[in-house]
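# Residue-level structure breakdown
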Amino acid sequence: MQNLIPLLITTIAIATVLNVLLKRINMPTVIGYIFTGAIIGGIFNINVHGNADLEHVAEFGVVFLMFTIGLEFSISHLKSMKKEVFVYGFSQVFITGIVLAIAANLLFDIDYKPAIIVGLGLALSSTAIVLKILNETGQISTDYGRNSLGVLIFQDIAVIPILLMITIFTNEDKSLSTLLIETTIDAVIALSILIIVGKYVVSYVFKIVANTNSKEIYMGTILLVVVGASYIAHHFGFSYSLGAFIAGMMIADTVYKYQVEADLIPFRDLLLGVFFVTIGLQIDITVVQQNIVPVVMFGILIMIVKALTIFSILILSNTKKASLKTAITLSEIGEFSLVVFSLLLANKMMDPVAVQILMATIVLSMIATPFLINNLDKIVSLFIKGTIEESPIDKSSVIGGHIILCGYGIFGQVVSDRLTTEGINHIIITNDTDDYVKAKEAKRSVVYGDPSDRVLLDRLKVKQAMSTIVALESIEEVQKVSAAISLIDPELKVIAKVASEKDKKELDQFNHELLLDGNSHTASLLVEQIVKSRMLAKETSSLKYLQDYSLDDPISAINCVEKEQSRLLDIMSKSFNAFREDKDIMHIKAFHDSFKVLSEIITNAITNIMSDAKLSTDLYERINILLDNQQLLITMNASLEDLGKELKRLELNSKTENLSHMAVEGLDTILLTLIDIATDFDDMDMEMLKNMTQGEGQGLASIRQNYLDDKHELDSGSKALLLSSTNHIESLRKIFGSIGQNYKKLSEVS
Amino acid sequence: MSINISNNDGILIVSPETRLDTTSAPEAEALIIAALEEGGSKVIMDFSGTEYISSAGLRIILKTAKLLKPKSGIIVLCNANEQINEVLEISGFSTMVSVYKSQEEALTALNS
């Protein structure tokens, strides 16, 4: 331990340098840590076995990983994954275990007991590596991500009986039945404690701790829960990780889940780093050097056997692609296998050199895993040609003046849809099998290949293309395509989307026609829309008459109010126009907003006139009518705003689309008549308005009946929308009629 | 010509084609005014060839009614499709103007 500080410094230095270099070639940090361990082991001559402290620290990396996985797994989630966990997981461990046990029995000439342990140990895959990568890349939510997770959970549970078997095979003091009964009792006690404490105590404790508003106490509590749960499981003979996983599951259903997860991630990643360094430490370079051929051969053979077994199990109820992706993802041997082999070695159940060879094989397979997962699509495309039916390039798509669209992810699909709508000829290149199939299904012209492949770009006549749009998400991919196009011809320009200013700078060295900064452009469009709406609101709400009013001249003041009120009606008619012209909801909202601004000014003016101006009885009568009108107008605006939203929704349904248009035309007709009355009162117009707005709404009732009967087959949501909108129409008609009546009274008073 | 106007024994029959909206309404208005100036106080607006009517179109009906009022004239509608019937109900026209299923029915009503 006197060498601890130099050892730590060297470890951190090597890990940092290696990981920085590996990141440049897109490799996960896992590899860097394992190599660091191997190098450190060589330099300092450290053997992790027998170093209980280091083993414990390392194991807690996996403990924290399992806890965070548990956080994603509420009981209900686990129930929904019972097929993946119990059917796929059990079949995988059982079948692979038997096959590999027979192979071990024959190859190493060992007894059936250690052969079973070897077979089952080799059947386990690496939870730490696979879940770390799947989580980081978001692939955990894909179908093969879900399959992999289910199988890995079962494997983690299976570690318990495997370790128990070692005890049974080496314990000659107790009978098998006694051991089984003891283990079952232990399992029931451990699970009961974890579930009861987790469900009823932990969330209560978190509630109290959260109220202290102390990050320190919160962190301490999280560590207590994780380490405590792990210890309980370990005390009863189970793995630390299983305890942590159950504790995570218990918190998954509480509101503290996200905070706990966020606080724990730095710890988890750091301890996982230590774990992978200790994996590297277990590589005995001398044994590997002397047995390099068997190590590589075993590695390849075991991975093939595991992949074939998993594929055969999954293909029965999964697609070929998902089955193969899961099979490749889980083909490696995992960290728990190292624990199993350590125990085999400790119990002298197998030859130490054979165990070292197998342990080197395990580490080798773990190193291979990130390469395999990162290139899953390419590997799968080698085996399953059927999913990517290589089709010749559609010549009509590359006649010149076309667009080359690199990538068909979410952004690429939107770009392609817009290009198609505009009738612009384009061809898509993608090396993602899912996206390729999607493009084919959408009847797009698409080729499967690497968008940065210069030969392919040349075949797609990139020089004659109008533009090349790079719709790829990662900046590294955008750079690769830009570089390839620059190499073909430095004059060629590319359009790309970047996520930030920093990414933009990364592309400075290449020739770009347009670099669309995703965040900045979206923000600009959003603000532009708001500014436009605000301008519209300002314009329509600007006063035309009221600025001239003076309480010293109440007649003019009242005339001004009357004119501004008729402008409110104009604003509403303009909102109908906006609806008719299919303007967006922001545009229509701007009219309602401007109505409110102007309406408030008019209301204030009416109040001022009523309270401060010296008015004759006639003028009081007039201003009183205008006040009533004002209240009706405010109600009208609110009602129209609600109706506008409802009509926009009715417009989206082909069965009610026409009704939505007709409601606008019908109401606008009444409103225009009302505007005629407001600006130049006429008895005939008034009579027409009265005719249009009177009645008990029988016409609307017949429309309702027509749409609500079975002929239109409306769903319940549309029926509710229809009822609400016709009610709004009915009340608006009444409001229009009442405002008209007020204008009649005004004409009589004036 | 998006509006056809004919005369059936002193009854003016106005038949808009396809759409009666802001584009075709001014022409319809001018034709109706001109025809009414020549005489006649009964108008049938026949929608058999009309698919869509906007507020501008509906206001032509109101204006025609206003023109006919001093002459004690009348305007009636016929052959409205489902969509036009809906707009007549929503705008309250159906309580103000008679709507007939066919031109014959409208003619019979005006001649009686």
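## As for the overall build of chain B
A tally of helices and strands in chain B yields 4 helices and 7 strands. In sequence order, the secondary structure elements of chain B are arranged as β-β-β-α-β-β-α-β-α-β-α. Across the 112 residues in chain B, those meeting the buried criterion constitute 43%. Across chain B, contacts joining residues at least 24 apart in sequence account for 71% of those joining residues at least 6 apart.

## Section: the overall build of chain A
Within chain A, the regular secondary structure consists of 31 helices and 6 strands. Residues classed as buried in chain A amount to 42% of the 750 residues present. A fraction of 72% describes how many contacts in chain A between residues 6 or more apart in sequence connect residues 24 or more apart.

## As for the nonpolar core
Ranked by size, the top nonpolar core spans 111 residues in total, and within it A:I34, A:F67, A:A244, A:A247 and A:V363 carry the most contacts. Looking at which element gives the most residues to this core, the answer is helix α17 (residues 352-374) of chain A, with 11 residues. Three or more residues apiece are contributed to this core by two domains, here domain 1 (1-46) and domain 2 (49-187 + 266-382) of chain A. The next biggest cluster of nonpolar side chains, apart from the first, holds 87 residues, and it includes A:I571, B:F47, B:I60 and B:I75.

## With respect to the sheet that holds strand β1 (residues 3-8) of chain B
Residue and element names in this part refer to chain B. If you walk across this open sheet you meet the 5 strands as β1-β2-β4-β6-β7, and the pairing is mixed. The two strands at the open ends of the sheet, each matched to only one other strand, are β1 and β7 (99-100). Summarising the sheet, strand β4 (residues 42-46) and strand β6 (residues 74-78) pair through 5 bridges and their orientation is parallel. Across the sheet, V43 pairs through a bridge with I75, a residue of β6. Strands in contact with helix α2 (residues 55-68) are β4 and β6; relative to β6, the strand with the most contacts, it is inclined by about 150 degrees.

## Quick word on the interface of chain A and chain B
Each partner contributes to the interface: chain A provides 25 residues, whereas chain B provides 18 residues. Those elements that place two or more of their residues in the side of chain A that touches chain B are α28 (657-679), α29 (683-693), α30 (698-708) and α31 (716-749) of chain A. Sort the elements by how many residues they give to the side of chain A that touches chain B and α28(A) lands first, with 12 residues. Residues that form the side of chain A that touches chain B fall into these classes: 12 nonpolar, 10 polar and 3 charged.

## Examining the packing of helix α1 (residues 4-24) of chain A against helix α2 (residues 29-44) of chain A
Residue and element names in this part refer to chain A. Running from N to C, α1 and α2 cross one another at 140 degrees; their axes reach a closest spacing of 9 Å. As α1 packs across α2, the resulting crossing turns out to be right-handed. Listed contacts from α2 to L7, T10, T11, I14, A15, L18, N19 and L22 of α1 are T29, I31, G32, Y33, F35, T36, I39, I40, I43 and F44. When the residues that make up the contact of α1 with α2 are grouped by side-chain class, the tally is 12 nonpolar, 6 polar and no charged.

## A look at the pairing of β6(B)
Look at any regular strand and the pattern is simple: side chains alternate between the two faces of the sheet. All names here are of chain B. A large share of β6 lies buried, amounting to 4 of its 5 residues. Both β6 and β7 contribute to a ladder of 2 bridges, which runs parallel. Residue C78 lies in a different strand from β7, and its bridge partner there is Y100. Each parallel crossover has a hand, and for β6 linked through helix α3 (residues 82-90) to β7 it is right-handed.

## Quick notes on the environment of A:S575
Residue and element names in this part refer to chain A. Here S575 shows up in helix α25 (residues 554-580). Sequence separation between S575 and F591 is 16 residues, and the spatial gap between their C-alpha atoms is 5.8 Å. In contact with S575, not counting residues within four places along its chain, are I588, F591, H592, L640 and G644.

## A closer look at the environment of B:K42
Residue and element names in this part refer to chain B. One can find K42 in strand β4. A sequence separation of 65 residues divides K42 from L107, and the C-alpha atoms of the two residues are 9.7 Å apart. In contact with K42, not counting residues within four places along its chain, are G10, I11, L12, G73, I74 and L110.

## What to know about the environment of A:V415
Residue and element names in this part refer to chain A. You can see V415 is positioned in helix α19 (residues 410-421). By C-beta crowding, V415 is classed as buried, having 20 other C-beta atoms within 10 Å. The residues touching V415, leaving out its near neighbours within four places in the chain, are L405, I469 and A471.

## Thoughts on helix α6 (residues 112-123) of chain A
Residue and element names in this part refer to chain A. An ideal rise of 1.5 Å per residue puts 16 Å on 12 residues; α6 measures up with 16 Å between its terminal C-alpha atoms. Of all 12 residues in α6, 10 are buried; the element is thus mostly enclosed. Those residues of α6 that fall on the buried side of the exposure criterion are P114, A115, I116, I117, V118, G119, L120, G121, L122 and A123.

## So, the confidence of the model for chain B
Residues and elements named next belong to chain B. When the pLDDT values of chain B are averaged, the result is 91; 99% of them are 70 or greater. Ranking the elements of chain B by mean pLDDT puts β1 last with 89 and β6 first with 95. In the predicted assembly, ipTM is 0.93 and pTM is 0.48.

## Comments concerning unusual backbone geometry
Trans is the common state for peptide bonds, and a negative phi is the common state for residues other than glycine. One non-glycine residue, A:K461, lies in positive phi territory at about 55 degrees. Along the chain, A:K461 falls in the loop between α21 (454-459) and β4 (467-470). When the 18 C-beta atoms within 10 Å are taken as the criterion, A:K461 is described as partly exposed. Even without a glycine there, the phi angle at B:S72 is positive, about 55 degrees. As for its placement among the helices and strands, B:S72 is situated in the loop between α2 and β6.

## A short note on the packing of α28(A) against α3(B)
Each packed pair of helices is defined by two parameters, the angle between the axes and the distance between the axes. Contact geometry for α28(A) and α3(B): axes closest at 8 Å, N-to-C directions at 40 degrees. Relative to α3(B), the element α28(A) is oriented oblique. In the crossing of α28(A) with α3(B), the sense of the turn from one axis to the other is right-handed. In this structure, α28(A) uses A:N658, A:L659, A:M662, A:A663, A:E665, A:G666 and A:L667 to contact α3(B), whose residues at the interface are B:Q83, B:E86, B:V87 and B:I90. Partitioned by chemical class, the residues of the contact of α28(A) with α3(B) number 6 nonpolar, 3 polar and 2 charged.

Criteria and thresholds
Residues numbered from 1 in each chain as written. Chains lettered and ligands numbered in written order. Predicted model: local features only at pLDDT ≥ 70, side-chain atom pairs only at ≥ 80, totals over all residues. Helix = DSSP H or I, 4+ residues; strand = E, 2+ residues; numbered from the N terminus. Buried ≥ 20, exposed ≤ 12 C-beta atoms within 10 Å, placed from the backbone. Contact = placed C-beta atoms within 7 Å. Core = buried A, V, L, I, M, F, W, Y, C linked by C-beta atoms within 7 Å. Domains from an automatic or database assignment. Pairing = 2+ DSSP bridges. Axes fitted to C-alpha atoms, helices over the stretch in contact; angles between N-to-C directions. Nonpolar A, V, L, I, M, F, W, Y, C, P; charged D, E, K, R; others polar. Left-handed = near helix turned anticlockwise from the far one by under 90°. Right-handed = clockwise from strand over helix to strand, strands pointing away. Expected span 1.5 Å × (residues − 1). pLDDT = per-residue confidence, 0-100. Parallel < 35°, antiparallel > 145°, perpendicular 65-115°, else oblique.

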